[in-house]
Amino acid sequence: MKIGIVGGGGRMGQMLIRQVARTEGATLAGVTDRDGAAAVGQDAGLLAGLGPLGVAVTTDTNALFAASDAVIDFTSPAATPLHANLAAQHQTALILGTTGLDEAAEEALAVAALSVPILKAPNMSLGVVLLTELVERVARSLEADWDIEIVEMHHRHKVDAPSGTALALGEAAARGRGIDLADHAVRSRDGYTGPRPVGDIGFATLRGGDVIGDHTVVFAGQGERIELTHKAQSRDIYAVGAVRAAQWCAGRAPGRYSMVDVLGLGQ
């Protein structure tokens, strides 16, 4: 399968290059980066710390989509509409790990999904996918008087809060309870807040150091507590999941997919 990577000069992009290179049945169709980026013109393999792969990093995103069966995108929300449009135009599957998408980006993905497979996941880690499923099952099994709190910590450079993964875990808990997260999420607390309302789903955000990503969902009952935790120790887990998702999309019908589909958990 021919896999393309946008944003190849970044840390995640280089991990994706390495993962595609080491994955049986996958070939690197191309790599792009933004105008003026230091990676442009370099051999993608050398950029990623491998031997030469004969694939130069370019700025031609249109050509990248045209040459690829699937493109993996961990760049920025601002680029999502363009990439969604190019995916539809060239009949290329789009694997999207970008978080913090606005309404315009979501609309562009919805339109593209009418023509090609679009797989979007706030976290490509296979462990996080399983955690999300467990959270939904536990929330469905417990009464509403069990309080749900979601705690996440990331490195000091992360720009969005709560993390996309934390919000996805909140959505899973809300699905389990049969409620709308938007009506029950508490994303900050300060000052005299009063007693905790029954049924709320709370979020706590920590930032510091070089933490890759820690997520804990706490179910707090009377006299007992359940904690489900995932800790990312290497960013390679995201690249592994993304390339697996790209290969899974081969031959799929147009539509919206997630990592739940890749692991067959939704069946």
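Refer to the preceding data block for the structure.
Description of the structure in this document. (Residues numbered from 1 in each chain as written. Predicted model: local features only at pLDDT ≥ 70, side-chain atom pairs only at ≥ 80, totals over all residues. Heavy atoms only, no water.)

Topic: the sheet that holds strand 1 (residues 2–6)
Pairing between sheet strands relies on hydrogen bonds along the backbone, with the strands arranged either parallel or antiparallel.
Then, number 1: In space, the seven strands of this open sheet follow the order 3-2-1-4-5-6-12, with parallel pairing throughout. Because the sheet does not close on itself, it has two edges, and the strands there are strand 3 (57–58) and strand 12 (255–257).
Then, number 2: Where strand 5 (residues 93–96) meets strand 6 (residues 117–120), three bridges bridge the pair, whose relative direction is parallel. Bridge pairing links Ile95 to Leu119 in strand 6.
Then, number 3: Relative to the sheet, helix 5 (residues 103–112) contacts strand 5, strand 6 and strand 12, its axis offset from that of strand 6 by approximately 145°. (Pairing = 2+ DSSP bridges. Helix = DSSP H or I, 4+ residues; strand = E, 2+ residues; numbered from the N terminus. Contact = heavy atoms within 4.5 Å. Axes fitted to C-alpha atoms, helices over the stretch in contact; angles between N-to-C directions.)

Overview of the environment of Gly25
Then, number 1: With respect to the helices and strands, the residue Gly25 is situated in the loop between helix 1 (11–22) and strand 2 (27–32).
Then, number 2: A sequence separation of 24 residues divides Gly25 from Met1, and the C-alpha atoms of the two residues are 6.0 Å apart.
Then, number 3: Excluding anything up to four places from it in sequence, Gly25 contacts Met1 and Gln247.

Section: the pattern of salt bridges
Then, number 1: Summed over all chains, the structure comprises eleven salt bridges.
Then, number 2: Glu149 is paired through a salt bridge with Arg189; the nearest N and O atoms lie 2.8 Å apart. Placement of Glu149 in strand 7 (residues 147–154) and of Arg189 in the loop between strand 8 (185–186) and strand 9 (201–207) is noted, with a sequence separation of 40 residues between them.
Then, number 3: Sharing partners across several salt bridges, the network here consists of Asp147, Glu149, Arg189 and Arg196. (Salt bridge = Lys/Arg side-chain N within 4 Å of Asp/Glu carboxyl O.)

Quick word on the sheet that holds strand 9
Then, number 1: Taking strand neighbours across the sheet as the criterion, the five strands line up as 8-9-7-10-11 in an open arrangement whose pairing is mixed. In this open sheet, the two strands that pair with only one neighbour each are strand 8 and strand 11 (225–232).
Then, number 2: As defined by bridge partners, strand 10 (residues 213–220) adjoins strand 11 across eight bridges and the pair is classed as antiparallel. Bridging across to strand 11, Phe219 finds its partner in Ile226.
Then, number 3: Sheet strands in contact with helix 7 (residues 164–177) are strand 7, strand 9 and strand 10, and its direction is about 165° off that of strand 7.

Section: helix 4 (residues 80–90)
Then, number 1: Taken together, the buried positions of helix 4 are Thr80, His83, Ala84, Leu86 and Ala87. Down the axis of helix 4, the sector holding all buried residues measures 165°, keeping them to one side.
Then, number 2: For helix 4, the elements touching its buried residues are strand 1, helix 3 (61–67), strand 4 (70–73), strand 5 and helix 5.
Then, number 3: Within two residues after helix 4, Gln91 carries a phi angle of roughly 55°, on the positive side. (Buried < 20%, exposed > 50% of the residue type's maximum accessible area, 1.4 Å probe, protein only. Arc of directions from axis to C-beta.)

Some thoughts on unusual backbone geometry
Then, number 1: Following Ala161, the chain continues into Pro162 via a peptide bond in cis, with omega recorded as -10°.
Then, number 2: Its place among the elements puts Pro162 in the loop between strand 7 and helix 7.
Then, number 3: Even without glycine at this site, Gln91 takes up a positive phi of about 55°.
Then, number 4: For Gln91, the location among the structural elements is in the loop between helix 4 and strand 5.

Thoughts on the nonpolar core
In a soluble, globular protein the nonpolar side chains are often hidden away together inside.
Then, number 1: Grouped together as the largest cluster of nonpolar side chains are 37 residues, with contacts concentrated most on Ile17, Leu28, Ile72, Ile95, Leu119 and Met259.
Then, number 2: Sorting the residues of this core by element identifies strand 1, helix 1, strand 2, helix 2 (44–47), strand 4, strand 5, helix 9 (236–248) and helix 10 (259–262) as the ones contributing at least two each.
Then, number 3: With residues near it in sequence (within four places) discarded, Met259 still touches Leu119, Ala121, Asn123, Met124, Leu126, Val129, Gly241 and Ala245.
Then, number 4: Counting residues in each nonpolar core, the second largest holds 18 residues, with Leu131, Val135, Leu181 and Phe203 among its members. (Core = buried A, V, L, I, M, F, W, Y, C linked by side-chain atoms within 4.5 Å.)

Re the pairing of strand 4
Then, number 1: Neither face of strand 4 is exposed, since Ala70 and Ile72 on one face and Val71 and Asp73 on the opposite face are all buried.
Then, number 2: In the sheet, strand 1 pairs with strand 4 via four bridges, with the strands oriented parallel. For Val6, the partnering residue across the bridge sits in strand 4 and is Asp73.
Then, number 3: Pairing of strand 4 with strand 5 involves four bridges; the strand directions are parallel. By the bridge assignment for strand 5, Val71 is matched with Leu94.
Then, number 4: For the crossover that starts at strand 4, traverses helix 4 and ends in the parallel strand 5, the hand is right-handed. (Right-handed = clockwise from strand over helix to strand, strands pointing away.)

Describing the packing of helix 6 (residues 126–141) against helix 7
Then, number 1: At their nearest, the axes of helix 6 and helix 7 sit 7 Å apart, and the two run at 30° to each other. Here helix 6 lies roughly parallel to helix 7, going by the angle between them. Like other packed secondary-structure pairs, helix 6 and helix 7 cross with a definite hand, here right-handed. Contacts from Val128, Leu131, Thr132, Val135, Glu136, Ala139 and Arg140 in helix 6 reach Thr165, Ala168, Leu169, Ala172, Ala173, Arg175, Gly176 and Arg177 in helix 7.
Then, number 2: In the contact of helix 6 with helix 7, the residues fall into eight nonpolar, three polar and four charged. (Parallel < 35°, antiparallel > 145°, perpendicular 65-115°, else oblique. Left-handed = near helix turned anticlockwise from the far one by under 90°. Nonpolar A, V, L, I, M, F, W, Y, C, P; charged D, E, K, R; others polar.)

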